[in-house]
Amino acid sequence: MAEKITMGKNGKLNVPNHPTIPFIEGDGIGPDIWRAAVRVFDAAVQKAYHGEKKIEWLKVLAGQEAFDKTGSWMPDETMEAFREYLLSIKGPLTTPVGGGIRSLNVALRQELDLYVCLRPVKYFEGVPSPMWNPDKVNMVIFRENTEDIYAGIEFMAGTPEAKKLLNFLVDEMGVKAFRFPETTSLGVKPVSKDGSERLIRSAIQYAIEHKLPSVTIVHKGNIMKFTEGAFKNWGYELAEREFSDKVYTWNQWEATKKESGEAVANEEMKVAGIGHKVIIKDAIADNFLQQALLAPQDYSVIATLNLNGDYISDALAAQVGGIGIAPGANINYLTGHAVFEATHGTAPRFANTNSMNPSSVILSGVMMLEYMGWRDAAELITNAVGKTIRNKTVTVDFHNLMKDATLLKTSEFGDEVIRNL
């Protein structure tokens, strides 16, 4: 009998021992990496809980397979399953070309109001990296998922809609910034106080729960003062209003250090008699991308808007070995809905070759197990993936960059991870 994960009145998930979890294999390399990953999940759950717990997997359709079989890229039944069972996991999906859904991933985020895109970025020993010290990179990105330019409010140059909006801006709002009005496309960037606060609140709660040193609000508020600048200001106001006993703003932290007369490292958070508090600070996006290379150890949890988060998460992933090993999740912490996903593309050229790295979807499954509270199984997989890479038993992406490595197929990498559980 199918058992469902539910959200309790206390804001915590109720997870039965045999939960039903929908999955989408994905397009391109999706089926290859999913087949390897699901065996790892099942083996880790079995090893951790000795048969007491088990995931019942429910296949649902989206992307190319769904279109081929049903004529719809995202069938209603799939969206309903995601709503009903709260948690789901997916491989990469094709973005339809030439109309229809702008992006299946964006459609999922908007439909289920998955306002947090959660992207942890950490280094696994042995992974090829362009950095001298990639082990210093250990960050968790909270990317706002439903607003900013991803809201999709755009008007093509020359269309009646673009002309109407442009005329309104020029004639009624007195905007004088259009150099070439006849050939200007327009987009609207919505950033709300409510949307900003729920994202930043989730980031601060995560930092407190995991005893992490800081939350950095990354923004471009020096230029976009009423959207990105407001995001920053609303974040500081929220921190002081709702978490005053658990956080320091950067100015408060600097003042505390000065008053204490102690040489305390910025990221230690230990001040005599005060205990652990999370520092709330901010960084302008372009400077953050520089500092993430020069001093990544100074950053822990990142809270940022949608477009910045897109750039930052991929840039940080490159520092620790590339997007092929980067997990991700889209979460609504209020309803409990969450979609865990491989963050890379479909790589159709390598479909059915059994050659690509399944680590992104495997580590996304780790995030899912942690979200469920099945931390023992999650830890087993994390350690096993690390050991497999340290042993230089890897797929072609890493094999090409390692010396004396053993080349494995996708399925063989899964076998090796299971062996190392």
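Residues numbered from 1 in each chain as written. Predicted model: local features only at pLDDT ≥ 70, side-chain atom pairs only at ≥ 80, totals over all residues. Heavy atoms only, no water.

A. Representation of the pattern of salt bridges in the model. Enumeration over the complete set of coordinates arrives at 22 salt bridges. The shortest N-O distance in the salt bridge between Lys59 and Glu25 comes to 3.7 Å. On the criterion of sequence distance, the pair formed by Lys59 in strand 4 (residues 56-59) and Glu25 in the loop between strand 3 (20-24) and helix 1 (30-49) is long-range, its members being 34 residues apart. For Lys59, a relative accessible area of 38% puts it in the partly exposed group. A salt bridge links Asp148 to Lys189; its shortest N-O distance comes to 2.5 Å. Of this pair, Asp148 sits in the loop between strand 7 (138-144) and strand 8 (154-155) while Lys189 is found in the loop between strand 9 (186-187) and helix 6 (193-209), placing the two residues 41 residues apart along the sequence. Its relative accessible area of 0% is what places Asp148 among the buried residues. (Salt bridge = Lys/Arg side-chain N within 4 Å of Asp/Glu carboxyl O. Helix = DSSP H or I, 4+ residues; strand = E, 2+ residues; numbered from the N terminus. Buried < 20%, exposed > 50% of the residue type's maximum accessible area, 1.4 Å probe, protein only.)

B. Up close: the environment of Gly30. Note on placement: Gly30 falls in helix 1. Put simply, Gly30 and Lys9 are 21 residues apart on the chain and 36 Å apart in space, counted from C-alpha to C-alpha. Once residues lying within four places of it in the same chain are set aside, the contact partners of Gly30 are Glu25 and Pro92. (Contact = heavy atoms within 4.5 Å.)

C. Quick peek at empty space enclosed by the protein. Within the structure shown, the criterion is met by 1 cavity of 30 Å³ or more. Within this model, the largest cavity holds a volume of roughly 30 Å³. Considering the residues around the largest cavity, the lining is formed by Ile24, Gly26, Asp27, Val60, Leu61, Ala62, Glu65 and Leu93. Looking at the lining of the largest cavity residue by residue, the class counts come to 5 nonpolar, 1 polar and 2 charged. (1 Å grid on protein atoms, 1.4 Å probe; cavity = no way out; pocket = protein on both sides within 12 Å on 5 of 7 lines; lining within 4 Å. Points joined across faces, edges and corners; volume = space filled by probe spheres on them. Nonpolar A, V, L, I, M, F, W, Y, C, P; charged D, E, K, R; others polar.)

D. Inspection of the pairing of strand 14 (residues 278-284) at higher detail. For strand 14, the tally of buried residues reaches 5 of 7 residues, placing the bulk of the element in the interior. With 3 bridges connecting them, strand 11 (residues 247-249) and strand 14 associate as parallel partners. Bridge pairing links Tyr248 to Ile279 in strand 14. (Pairing = 2+ DSSP bridges.)

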